[in-house]
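A structural walkthrough
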Protein chains: 2
Amino acid sequence: MSRADRLVALLEERELDCLLVTQLVNVRYLTGFTGTNGACVVTRDARLFLTDFRYVQQAKQQVPEFEHLEASRELLGDLAAQLGGRAGFDDAHVSVRAHRLLSEKVGEGVELVPGAGVVEGLRAVKDDEELRAIRAAVEVADAAYQELRAAGLAGRTEREVARSIVRFLEDRGADEVSFPPIVAAGAHGALPHAAPRDVPIPRGTLVVVDLGARVDGYCSDCTRTLATGSLEDRPLEAYEAVRRAQQAAVDDVRAGAVCRDLDAMAREMVESSFGTGFEHGLGHGVGLEVHEGPRLAATAEGSLEPGNVVTVEPGVYVPGEFGIRIEDLVAVTGDGRDVLTGFPKELVTVDG
Amino acid sequence: MSRADRLVALLEERELDCLLVTQLVNVRYLTGFTGTNGACVVTRDARLFLTDFRYVQQAKQQVPEFEHLEASRELLGDLAAQLGGRAGFDDAHVSVRAHRLLSEKVGEGVELVPGAGVVEGLRAVKDDEELRAIRAAVEVADAAYQELRAAGLAGRTEREVARSIVRFLEDRGADEVSFPPIVAAGAHGALPHAAPRDVPIPRGTLVVVDLGARVDGYCSDCTRTLATGSLEDRPLEAYEAVRRAQQAAVDDVRAGAVCRDLDAMAREMVESSFGTGFEHGLGHGVGLEVHEGPRLAATAEGSLEPGNVVTVEPGVYVPGEFGIRIEDLVAVTGDGRDVLTGFPKELVTVDG
């Protein structure tokens, strides 16, 4: 069953006559289109794809299963004319202004109905082709950590290491990185979204390295915290607290596991053994976007199902001292889980 | 006068009591903040900046002129509490869903008023500091073309050339590219937004190379069409038609020039001398974003003013045969223009 066919089943559940899909990642997921301006309308009986003159040729090749319509660059006016009945739109993505323009241009009897999250719901469950791409993206990311282990970290700047990671991933066949790598040594590692600095990485510290590759559009996401020499007791204790909680959470990933319970369990383990923990969520889905559903967080809804691919990434952040995060990518299977990430989780010391 | 002070003058024109700024580029422009989650509220008397726990430290360093408030990651609820009276919001950016949440959370007597484009209007006029950054971004891009001339193109794949451009720009001090470079040989050059392919560039063809660097957050944008050997008459005629139209349009850039007239003039020149032309606009502003105001296009409003920085980029696209585009970055000055781009516009043959 095609993705658009599976979407139609969801439209019926929501009592929608059609869905207007404007967010580009969702458009790509449903149609295969990779350009920067396109949209589609899916009804029970029709699959319509719209793009502007720049992408007409490309769309003909990439979107064989849809009827095509060349539209003006703004798309909205031409889209409005294609809607009928109860028409779902992506209220989490369509701007107030675009919605007003749409409202003015739709025909009589068309009702615009908030419909965010429908395509995202499909995307949270990966098919075999998607899993293959994600595995390939994980493999090249694993190789990047092996390369870091070989090349060492101490004495290089965070920024130089980050750039070498990007180049390594590209040279090994990634389309690009799935996000700019984080390389954060010492106290800088206590900032969960630290930008790499032009400062040399010292010996005897922890370095948080968070990186991902994109292959055939699909992302990987992995964090390891590496040591550049011997450490004091406190960071070693923290590392073990994070590692044990991470492993326990990975071992609990299975179909039916409640997303917020996974988060709570890992959080409690870190806090009870080390006294402080992490303010971010335990994990998130990964696919065409590096952050997508399902979320593993205190406020998350729902439970895991086969085909979900999620990160498991608890951490410890001690302001002014150090940060630690360990993150695997895990696929939920019919009878458990498949840990995609291969690089070891025991503390690895580079620059030995 | 600070940027926020200049914004206040515009609020009074629009009869707004405050402006809620949520689009991150606008937030950066007003506050200096470079993280991925932040917003600000500007009133006549107050400057308030909000971010979540991840960016509190960074914001303290980057945003000295604003009062700070740590907010939850969604920001919206905490923002709503800070609004009063007629509160402008960015209706071109705020989603329908976010607007609904805001509406539910604002206090009594608060009226949410569409206010898109206010900050963008300020951003269209660059100050000296911004011009310095753009010049630096142009300089490194110019050097990339010199490097292409030296290294040659024939026999290399489009993708390899595109990657070498990225690395060159980074190695020469750019933060990053301002967009993924376009390298499109022969008939592929007829697609205005061609993605680089894994195919070797042949001899005796035209290659469209569109690239830009980002320095201190500011973009450059330049296109040159290079030859990889001797060409037939038709592409040579097309090149001259584009070059002459481009030069004429550059010479007409000045304060007071009507944006749509510039577009019409260049378009007519290309079409009258070569018979076919370009479907995209003649140009666009460049700054913190590679596409911003003012636009030079058939549907554009307004005229140029000192401090605008715009591209001038006519082209010719002959499907199945070749494409040509020549693009300079031009700053509007008090008494004319300053052409920032330095690489020659006469047809350059590499692989001589």
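None of these values were measured; they are calculated from a predicted model.

**Quick notes on the interface of chain B and chain A**
Counting residues at the interface gives 28 residues for chain B and 28 residues for chain A. The contact between chain B and chain A buries some 2,500 Å² in all, and 51% of this surface belongs to carbon and sulfur atoms. Seen at the junction of chain B and chain A, the total is ten salt bridges. Among the ionic pairs, B:Asp91 bridges to A:Arg97, the shortest N-O distance being 3.2 Å.

**A short note on the packing of helix H9 (residues 233–252) of chain A against helix H10 (residues 259–274) of chain A**
Residue and element names in this part refer to chain A. Packing of H9 against H10 leaves a shortest axis separation of 9 Å and a crossing angle of 155°. It follows that H9 is roughly antiparallel to H10 by the angle criterion. Crossing geometry of H9 relative to H10 is assigned as right-handed. Mapping the contact onto sequence places Arg-234, Glu-237, Ala-238, Ala-241, Val-242, Arg-244, Ala-245, Ala-248, Ala-249 and Asp-252 in H9 and Leu-262, Met-265, Ala-266, Met-269, Val-270, Ser-273 and Phe-274 in H10. Its residues assigned to classes, the contact of H9 with H10 comprises twelve nonpolar, one polar and four charged.

**Regarding the packing of aromatic side chains**
A complete count under the given rule lists six aromatic pairs over all chains for this structure. Between A:Arg3 and the ring centre of A:Tyr29, over which it is positioned, the NZ or CZ distance is 4.3 Å. Note that B:Arg267 overlies the ring of B:Phe278, its terminal NZ or CZ placed 4.3 Å from the centroid.

**Remarks on the domain arrangement of chain A**
Residues and elements named next belong to chain A. In terms of domain boundaries, chain A breaks down into domain 1 (3–123) and domain 2 (128–339). Placing a centre on the C-alpha atoms of domain 1 and another on those of domain 2 gives a separation of 34 Å. Summed over both sides, the interface between domain 1 and domain 2 buries roughly 580 Å², with carbon and sulfur atoms accounting for 41% of that surface. Applying the counting rule to domain 1 against domain 2 returns three salt bridges. For Glu-289, the salt bridge is made with Arg-123, and the minimal N-O distance between the two is 2.9 Å. On inspection of domain 1 and its partner domain 2, the count reaches three residue pairs in polar contact (both at pLDDT 80 or more).

**Comments concerning the sheet that holds strand E12 (residues 222–227) of chain B**
Residue and element names in this part refer to chain B. Ordered in space as E8-E9-E12, the three strands form an open sheet in which the pairing is antiparallel. Strands at the two margins of the open sheet, each flanked by one partner only, are strand E8 (182–185) and E12. Averaged over all adjacent pairs, the angle separating strand axes in this sheet is 15°, with direction ignored. The strands touched by helix H7 (residues 128–151) within the sheet are strand E9 (206–211) and E12, with E9 carrying the most contacts at an inclination of about 155°.

**Some details on unusual backbone geometry**
Most peptide bonds take the trans configuration, and most residues that are not glycine carry a negative phi. Residue and element names in this part refer to chain A. Of note, the bond from Gly-293 into Pro-294 is cis; its omega dihedral lies within 30 degrees of zero at -5°. On the secondary structure map, Pro-294 appears in strand E14 (residues 292–296). For Leu-75, which is not glycine, the phi dihedral falls at a positive 65°. You can see Leu-75 is positioned in the loop between strand E4 (67–70) and helix H4 (76–80). With relative accessibility at 5%, the residue Leu-75 sits in the buried group. With a phi angle near 50°, Asp-216 is a residue other than glycine that sits in the positive phi range. As for its placement among the helices and strands, Asp-216 is situated in the loop between strand E10 (213–215) and strand E11 (218–219).

Rules used in this analysis
Per chain, residue numbering runs from 1 following the sequence as it is written. The order in which chains are written sets their letters, starting at A; the order in which ligands are written sets their numbers, starting at 1. This being a predicted model, a pLDDT of at least 70 is required before a residue's local features are given, and a value of 80 or more before pairs of side-chain atoms are given or counted; all residues contribute to the totals for chains, interfaces and linings. The side-chain numbers reported here are obtained from all heavy atoms of the structure, hydrogens and water having been left aside. By definition, residues are in contact when any of their heavy atoms lie within 4.5 Å. As a working definition, buried area equals the accessible area (1.4 Å probe) given up by two parts on being put together, with both sides summed. The term salt bridge refers to a side-chain nitrogen of Lys or Arg lying within 4 Å of a carboxyl oxygen of Asp or Glu. Think of each axis as a best-fit line through the C-alpha atoms, taken over the contacting stretch in the case of a helix, with angles from 0 to 180 degrees between the N-to-C directions. Under the DSSP-based scheme used, a helix requires at least four consecutive residues in state H or I and a strand at least two consecutive residues in state E, with every element numbered from the N terminus. Reported orientations rely on four angle classes, namely roughly parallel under 35 degrees, roughly antiparallel over 145, roughly perpendicular from 65 to 115, and oblique for the rest. Whether a crossing is left-handed or right-handed is set by the direction in which the near helix is turned from the far one by less than a right angle, anticlockwise for left-handed and clockwise for right-handed. Note on residue categories: nonpolar means Ala, Val, Leu, Ile, Met, Phe, Trp, Tyr, Cys or Pro, charged means Asp, Glu, Lys or Arg, and polar means any other residue, Gly included. Stacked, tilted and edge-to-face pairs are distinguished by plane angle, under 30 degrees for stacked and over 60 for edge-to-face with tilted covering the rest, among Phe, Tyr and Trp rings (Trp via its six-membered ring) whose centres lie within 6.5 Å. Counting as a charge over the ring demands two things of the Lys NZ or Arg CZ atom: a distance within 6 Å of the ring centre and an angle within 35 degrees of the ring normal. Where each domain starts and ends follows an automatic or database-derived domain assignment. Two N or O atoms form a polar contact when they lie within 3.5 Å of each other; inside protein one atom must be a possible hydrogen donor and the other a possible acceptor, and for residues adjacent in sequence the pair counts only when both atoms belong to side chains. Strands qualify as paired when DSSP identifies two bridges or more between them. We call a residue buried when its accessible area falls under 20% of the maximum for its residue type, exposed when it is over 50%, and partly exposed in between, using a 1.4 Å probe and counting protein chains only.

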